[in-house]
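Reading the structure
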Amino acid sequence: MSTPTFSPTRRTTLAGAATGLGALFTAAACGGDGQEAPGSAEYSAPATDLSAKITYGLWDKNQVAGLQANIDAFNQKYPNVEVALNVTPYSEYWTKLQTQASSGTLPDVFWMNGPNFQLYATNEQIAPITGAVDAGDIDPANYPEALVDLYTFDDVRYGVPKDFDTIGVWCNTALFQRAGVELPTAEWTWAEFQDTAVRISQALAADGIFGAAGGMDGQTTYYNTIFEAGGEVVEGGESGYASTESQEGLTFWTDLIARGGSPSIQQLTDTTADQWFTSGKLAMYWGGSWFRSALTDTDLATGVQVLPLPMGVQQVTVIHGVANVVAASSKNQQAAQALQVYLAGEEAQRQLGAAGAVIPAFTGTQDAFAASMPGADLQLFLDAVDYSKPLPVSANTAAWNALETELLPDAFSGARPVGEVATELAAKMDEVLADE
């Protein structure tokens, strides 16, 4: 959080690494040889003649242009600090990061997300930002409180919010016109969304085009409808999937697929919803604000409109954001912290917003993003903060994300009733939550 080149899934965690992670990280946390890791190195603002070579790990190549502008400006202040951008596709990012953590070779600075944060913090893989905050070089008040809290563990802050994202419905207006269906208003309901999707699917069936799409990315799809139905995913250390409200949020998607308004879950497993949309085979895509960067220099860039999520019992969108963190194992702590501090500042955040890829987290720097796609109402992603709820996470999100991936396809395919699947998911999820 993630287009053929960038998964929209910001929530996906360390696949296959839900267990035994602490043991895997132990050696690295001790510096690999039983020595204390340099993770909590004292902070001091480096001199401008500091010389070092550092790496910056990230997963979205669509953001490279904006980040390179950041680095170029950073080098105006620190000309002797060489920063190498290390881009790894999202599908491989966390596996690679896990391997690097186990060997003490993490990038000096790298992207962190909410679901993985507590794993890396508790295993002492990332350095606190306490020193920079105490020195006044990073001010947490400049960022949304929910994101500051997201990257705080045991009252210690570790990450600096880089951006935030909310969810909306991206619409291919040309497909609406071909189907003879009017674009809905911003005040639409669940029923209006589903009816619109079915009408487009029926009108354009001969061309293999669908009105909308479900899928297995909770952040962009079923987490939102669970919240809009009044349910919860995880709360107070327990699963919310057993509740009637949460099951209504899942049923929204099973109904959409069953009525033909969406490709089947198997089709969406083979080709994700964002790929359906960018290939011109999907009229409506539930996607994050980050998806704007995937449309740059494409034919869709001038033919897209965005609508708020349709209203359920209440209107809700998931909010999340990526943070920049410094590796505890970095041998260039001063240079890494200097880059982290620069990226956290207003100048860098304005540059990032002007690139149009993401909404910068620094309060007051988002206007450039909102204006970056004339004709599309990107302002709604900013306005959505007012009715947002944080992405569901826990200390080991990977464990129950794996259960969602295992069980929910049976509900979405119609192989098993929603209530049966959700009840089983809740019971198994409670077991792993109890072990955190």
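The text that follows walks through the structure, step by step, so that each part is easy to find. (Residues numbered from 1 in each chain as written. Predicted model: local features only at pLDDT ≥ 70, side-chain atom pairs only at ≥ 80, totals over all residues. Heavy atoms only, no water.)

**Brief notes about the overall build of the chain**
Secondary structure assignment for the chain yields 18 helices and 16 strands. In summary, the chain has a C-alpha radius of gyration of 22 Å against a globular reference of 22 Å for 436 residues, a match within 12%. With the C-alpha coordinates of the chain rotated into their principal frame, the extents come out at 65 × 50 × 35 Å. Residues counted as buried form 56% of the 436 residues belonging to the chain. Working note: accessible area of the chain is about 16600 Å², and carbon and sulfur atoms make up 49% of it. (Helix = DSSP H or I, 4+ residues; strand = E, 2+ residues; numbered from the N terminus. Rg over C-alpha atoms; globule rule 2.2 N^0.38 Å. Buried < 20%, exposed > 50% of the residue type's maximum accessible area, 1.4 Å probe, protein only. Areas by Shrake-Rupley, 256 points an atom, 1.4 Å probe, with all protein chains shown as cover.)

**Describing the packing of aromatic side chains**
Two aromatic rings are characterised by how far apart their centres lie and by the angle between their planes. All chains considered together, the criterion is met by 27 aromatic pairs. Measuring from centroid to centroid gives 6.0 Å for phenylalanine 74 and tyrosine 342, while their planes differ by 55 degrees, and the two rings are tilted. Linking phenylalanine 74 in helix α2 (residues 64–77) with tyrosine 342 in helix α13 (residues 333–344), this pair joins segments that are 268 residues apart in sequence. You'll find phenylalanine 74 and tyrosine 342 in the same group, each marked buried. The interplanar angle of 75 degrees and the centroid separation of 4.8 Å between the aromatic rings of tryptophan 253 and tryptophan 286 together place this pair among those described as edge-to-face. Here tryptophan 253, found in helix α10 (residues 244–258), pairs with tryptophan 286, found in strand β11 (residues 284–288); they are 33 residues apart in sequence, far enough to count as distant. Look at tryptophan 286 and you get buried, because its relative accessible area is 1%. Here a set of aromatic residues connected by ring pairs shows up, and it is made of Trp59, Tyr90, Tyr93, Trp94, Phe110, Trp111 and Tyr120. (Phe/Tyr/Trp six-rings, centres within 6.5 Å; stacked < 30°, edge-to-face > 60°.)

**So, helix α4 (residues 114–122)**
Of all nine residues in α4, eight are buried; the element is thus mostly enclosed. Along α4, the positions that sit buried rather than exposed are Gly114, Pro115, Asn116, Phe117, Gln118, Leu119, Tyr120 and Ala121. Downstream of α4 by one or two residues, glutamate 124 has phi in the positive range, about 55 degrees.

**Focus on the packing of α10 against helix α17 (residues 397–413)**
Packing of α10 against α17 leaves a shortest axis separation of 8 Å and a crossing angle of 50 degrees. In terms of orientation, α10 and α17 fall into the oblique class. Residues Leu250, Trp253, Thr254 and Ile257 of α10 lie in contact with α17, whose contacting residues are Leu408, Ala411 and Phe412. Of the residues that constitute the contact of α10 with α17, the class distribution is six nonpolar, one polar and no charged. (Axes fitted to C-alpha atoms, helices over the stretch in contact; angles between N-to-C directions. Parallel < 35°, antiparallel > 145°, perpendicular 65-115°, else oblique. Contact = heavy atoms within 4.5 Å. Nonpolar A, V, L, I, M, F, W, Y, C, P; charged D, E, K, R; others polar.)

**Some words on the environment of leucine 282**
Within the element layout of this structure, leucine 282 appears in the loop between α12 (273–278) and β11. In this structure, leucine 282 is in contact with Asn172, Leu175, Ile209, Phe210, Gly211, Ala212, Ala213, Ala273, Trp276 and Phe277, ignoring residues within four places of it in sequence.

**Structural notes on the pattern of salt bridges**
Here the structure, examined in full by the defined rule, presents nine salt bridges. One salt bridge in this structure joins arginine 416 and glutamate 424, with 2.7 Å as the shortest N-O distance. By relative accessible area, which is 24% here, glutamate 424 ends up partly exposed. Each member of the salt-bridge network shares a partner with another, and the members are Asp410, Arg416, Glu420, Glu424 and Lys428. (Salt bridge = Lys/Arg side-chain N within 4 Å of Asp/Glu carboxyl O.)

**Remarks on the sheet that holds strand β8 (residues 167–172)**
Strand order in the open sheet formed by three strands is β11-β8-β12, and the pairing between neighbours is antiparallel. Every other strand in the sheet has two partners, leaving β11 and β12 (304–307) as the edge strands with one partner each. Ignoring strand direction, the axes of neighbouring strands in this sheet form an average angle of 35 degrees. For β8 and β11, the ladder comprises five bridges, and the chain directions are antiparallel. (Pairing = 2+ DSSP bridges.)

**Describing the sheet that holds strand β14 (residues 323–326)**
Spatially, the five strands line up as an open sheet ordered β2-β1-β3-β14-β6, and their pairing is mixed. Each edge of the sheet is formed by a strand with only one pairing partner; in this case those strands are β2 (81–87) and β6 (160–161). In this sheet, β2 lies alongside strand β1 (residues 52–58) in parallel orientation, the contact comprising seven bridges. Following the sheet pairing, tyrosine 56 is matched in β2 by leucine 85.

**Some words on α17**
The terminal C-alpha atoms of α17 lie 24 Å apart, and with 17 residues this matches the ideal 24 Å at 1.5 Å per residue to within 8%. Regarding α17, the residues found buried are Thr397, Ala398, Ala399, Trp400, Asn401, Leu403, Glu404, Leu407, Leu408, Ala411 and Phe412. On its buried side, α17 packs onto α4, α9 (222–228), β9 (234–235), α10, α11 (265–270) and α18 (418–434). (Expected span 1.5 Å × (residues − 1).)

**Some points on the nonpolar core**
Counting 124 residues, the largest nonpolar core has Tyr56, Trp170, Tyr241 and Met284 as the members making the most contacts within it. Of all hydrophobic cores here, the second largest spans twelve residues; its members include Ile129, Ile138, Tyr143 and Ala344. (Core = buried A, V, L, I, M, F, W, Y, C linked by side-chain atoms within 4.5 Å.)

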